[in-house]
Amino acid sequence: MNVIVITGASEGIGAEMARQWAGRGKGGNALVLAARNVDKLKAVATECRAFGSQVLVQRCDVGVQAECVELVNATVAAFGRIDTLVNNAGMSAQALFSEVTDLGWYETLMRINHWGSVWCTHAALPQLKATQGRIVGVSSLAGLVGVPGRTAYCGTKFAMTGFFEALRVELAAAGVSVTLAYPGVVATEIRYRGFNAKGEAAGKSGLDETGAMSVETCARLIIEGTEARQRDIVMTTQGKLGRWLKLLAPGVIDKLALKALNQHARPQ
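Residue numbers restart at each chain and count upward from 1, following the sequence in its written direction. Selection of residues for local features in this predicted model requires a pLDDT of at least 70, selection of side-chain atom pairs for listing and counting requires 80 or more, and totals for whole chains, interfaces and linings are taken over all residues. Only hydrogens and water are removed before side-chain values are computed, so all heavy atoms of the structure are retained for them.

A.B. asks: Please provide a residue-by-residue account of the packing of aromatic side chains, values included.
C.D. replies: Pairs were defined over the aromatic rings of Phe, Tyr and Trp, the Trp ring being its six-membered one, requiring ring centres within 6.5 Å. Orientation was assigned from the angle between planes: stacked under 30 degrees, edge-to-face over 60, tilted for the rest. As enumerated under the stated definition, the model contains five aromatic pairs in all. Seen in terms of ring centroids, Trp 105 and Tyr 106 are 4.6 Å apart; in terms of plane orientation they differ by 55°. Their pairing is tilted. Comparing Trp 105 with Tyr 106 shows no difference in burial state: the two are buried. Arranged with centres 5.3 Å apart and planes meeting at 40°, the rings of Trp 105 and Phe 195 form a pair that is tilted. With Trp 105 in helix α4 (residues 104–131) and Phe 195 in the loop between α6 (190–193) and α7 (215–227), this residue pair connects regions lying 90 residues apart in the sequence. Each member of the pair Trp 105 and Phe 195 is classed as buried. Pairwise contacts between aromatic rings join Phe 97, Trp 105, Tyr 106 and Phe 195 into one cluster. Note on classification: 1.4 Å probe, protein chains only; a residue is buried when its accessible area is under 20% of the maximum for its type, exposed when over 50%, partly exposed between these limits. Secondary structure elements follow DSSP: runs of H or I no shorter than four residues count as helices, runs of E no shorter than two count as strands, and numbering proceeds from the N terminus.

A.B. asks: Now, about the nonpolar core: what can you tell me, with residues and values included?
C.D. replies: Residues grouped as a nonpolar core are buried Ala, Val, Leu, Ile, Met, Phe, Trp, Tyr and Cys residues, joined through side-chain atoms within 4.5 Å. The biggest cluster of nonpolar side chains holds 49 residues, and the ones touching the most others in it are Trp 105 and Ile 135. If you list the elements that add at least two residues to this core, you get β1 (2–7), β2 (29–35), α3 (65–79), α4, α5 (151–171) and β6 (177–182). In terms of residues, this core owes the most to one element, α4, which gives nine residues. The contact criterion used throughout is that any non-hydrogen atoms of two residues lie within 4.5 Å. Those residues in contact with Trp 105 that sit more than four places away from it in its chain are Ala 93, Ala 95, Val 100, Ala 152, Phe 195, Asn 196, Ala 197, Lys 198 and Gly 199.

A.B. asks: Requested: an account of the state of the cysteines, with residues and values cited.
C.D. replies: Disulfides are defined as cysteine sulfur pairs within 2.5 Å. A complete count under the given rule lists zero disulfides for this structure. Cysteine Cys 120 shares no disulfide, and the gap to the nearest cysteine sulfur, in Cys 68, comes to 3.5 Å. Relative accessible area serves as the criterion here: at 1%, Cys 120 is assigned to the buried category.

A.B. asks: Can you break down the sheet that holds strand β3 (residues 54–59) residue by residue, with the values?
C.D. replies: For two strands to be treated as a pair, DSSP must find no fewer than two bridges joining them. As summarised here, the arrangement of the seven strands in space is β3-β2-β1-β4-β5-β6-β7, forming an open sheet in which the pairing is parallel. Two strands close off the open sheet at either side, each with one partner strand: β3 and β7 (232–234). Between one strand and the next, the sheet's axes are offset by a mean angle of 15°, whatever the strand orientation. Across three bridges, the pairing between β6 and β7 is parallel. Counterpart to Ala 181 in the pairing with β7 is Ile 233. Think of each axis as a best-fit line through the C-alpha atoms, taken over the contacting stretch in the case of a helix, with angles from 0 to 180 degrees between the N-to-C directions. In this fold helix α2 (residues 38–49) packs onto β2 and β3, with an angle of close to 175° to the strand it touches most, β3. Across the sheet, α5 lies against β4 (84–87), β5 (134–138), β6 and β7, angled at about 155° from β6, the strand it touches most.

A.B. asks: Residue-level account of α2, with values.
C.D. replies: By definition here, a helix of n residues has an expected span of 1.5 Å times n minus one. A rise of 1.5 Å per residue sets the reference length of α2, with its twelve residues, at 16 Å; its end C-alpha atoms lie 16 Å apart and thus fit the reference within 8%. Every buried residue of α2 is listed here: Leu 41, Val 44, Ala 45 and Cys 48. Along the axis of α2, the buried residues cluster in a sector spanning 105°; they form a single face. Facing away from the buried surface of α2 by more than 90 degrees, the exposed residues are Asp 39 and Thr 46. On its buried side, α2 packs onto α1 (12–24), β2 and β3. In this context, the arc is that of the directions from the helix axis out to the C-beta atoms.

A.B. asks: Now, about the side chain of Thr 75: what can you tell me, with residues and values included?
C.D. replies: With respect to the element layout, Thr 75 can be found in helix α3. Residue class for Thr 75 comes out buried when judged on its relative accessible area of 0%. Those residues in contact with Thr 75, other than ones at most four positions away along the chain, are Val 3, Val 5, Val 32, Leu 56, Gly 80, Arg 81 and Ile 82.

What follows is the structure, encoded as structure tokens:
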């Protein structure tokens, strides 16, 4: 039995990963679905159980360390082990730094996107070492290249990337793999619910959504990369090219990043 813990599993990429993993396991996967919205988690769990998977629903706000610890404790109590931890929970933000008056929501975003991954990983580490398991961090292309108008989001994802890259080396001898996923623009609601300059739900996307990747494709790429214990999953040609251009022609990257912004979100 492969026990897979997925944070942010109530919708979007997390929910789709749960459904696909349930379908791949032929009853051999046990899924632990964590998020704040229990009703949505239960709906996803019903879909996963239809494939024959065992499912535990656990309410968890990853921005609270005690709830991250409880997620791990509940998983071990139910299934006795953890094989894969997917740190997927996250929140978006779109705001020009000069327009932000209260930086309190910057701290909130860091607790969710970065610290939530740190806390869940720390709590699960003894179990993952025992099973020579897999750790996944769902970062973003904004965790590789700075994007104007997304200083808060980039800051959290760069922190997440740095943490997991260092942890990968620390855990190599223990047989625990660390995979970082870098989605680009995916067709989910995350940007619409993310913070604006006032720390309120933006209600719109600050990025050009043309050609957004489907959530099904994104989830499949993460699962395949996780099972193959890949170091990095960079999902788009643009993302792969951007990593090299950042080193070779950083000025070009700056121009491309500005172009990617929604017209209404650009500096005037």
